[in-house]
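Listed below are the residues making up each chain.
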Amino acid sequence: MELGYSAAEARLGLRAVHGDVNSAANYINENREKRAESRLKAKEEKLLRREQERLGRCADGKQFVNPSFVKILTDMGYKKEAARSALKNCNNIISDSVQYIQENPGPSSSVSAEMLSLVHGLIPELEAAGFDANMARRALEECDGDVMKAANTLLTNSGVIHDDDKKEKMEEAYLRLSEDISMVDDDHLDLTLQQEALFLQQYMSLLNPPM
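Residues numbered from 1 in each chain as written. Predicted model: local features only at pLDDT ≥ 70, side-chain atom pairs only at ≥ 80, totals over all residues. Heavy atoms only, no water.

A. Layout of the state of the cysteines. Under the counting rule described, the total for this entry stands at zero disulfides. Note on Cys58: no disulfide assigned, nearest cysteine sulfur contributed by Cys90 at a separation of 9.2 Å. Residue class for Cys58 comes out buried when judged on its relative accessible area of 4%. Cys90 gets classed as buried once you look at its relative accessible area, which sits at 12%. (Disulfide = S-S within 2.5 Å. Buried < 20%, exposed > 50% of the residue type's maximum accessible area, 1.4 Å probe, protein only.)

Structure follows, in structure tokens:
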């Protein structure tokens, strides 16, 4: 307990090494590291699955579009939607995807002119319902101009629709902060209000780093 371990950790550690205090401390530290690595791996896998689901399946239906390949293509200067579409149609083959983009140049935006016109005309309807115009636009674009679906999406998300980059940034910020949280399951219940405020402040600073 004096070394900063919880009562549960101390009991388990001492039992595991038959009462040897020094060995128990080593056991607890090693166990914490293993649990930290396991949780970090689980979080990374969860984020990967979410990103894969957002990107969708390839044309062969057997695999998801690879987020790492999307990044490679965007680093080469291609738009994210163009990269996603190419990898989807080319089953994650990067060389074929580059050729696909070159042979199928699309608009600079993933939203067509017709869709933009439709969205623009429907925004006032959602504004009249009390939603922010910018959030209404994002919801309509996400829902392909279906105003009822867009309204439900806004209601479900408390009127806030984040773009993909913002979502990724939030998830990365959470993942980075979660690495610093105690690995004892119930320790978060002992946080003081000051500690909670500091945690939120750190989270917001990761979302909005200084320029």
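From this point, the narrative continues.
B. Local environment of the pattern of salt bridges. Throughout the structure, instances matching the rule amount to five salt bridges. Among the salt bridges present, the one from Lys80 reaches Glu51, with a minimum N-O distance of 3.8 Å. Pair noted here: Lys80 is in helix 4 (residues 80–89) and Glu51 is in helix 2 (residues 21–55), with a separation of 29 residues, a long-range link. The closest approach of N and O atoms between Lys71 and Asp75, which form a salt bridge, is 3.0 Å. (Salt bridge = Lys/Arg side-chain N within 4 Å of Asp/Glu carboxyl O. Helix = DSSP H or I, 4+ residues; strand = E, 2+ residues; numbered from the N terminus.)

C. Inspection of the confidence of the model for the protein at higher detail. Of the residues in the protein, 69% have a pLDDT of 70 or more, and the chain-wide mean is 76. Ranking the elements of the protein by mean pLDDT puts helix 9 (residues 164–178) last, at 56, and helix 5 (residues 94–103) first, at 92. This model gives residues 182–190 a pLDDT under 50, and the stretch forms 13 contacts once residues within four places in sequence are excluded. (pLDDT = per-residue confidence, 0-100. Contact = heavy atoms within 4.5 Å.)

D. Structural detail: the environment of Met135. For Met135, the position within the fold is in helix 7 (residues 133–142). Residues Met135 and Ile161 lie 26 residues apart in sequence; the distance between their C-alpha atoms is 5.8 Å. Setting aside residues no more than four positions away along its own chain, Met135 makes contact with Leu154, Gly159, Val160 and Ile161.

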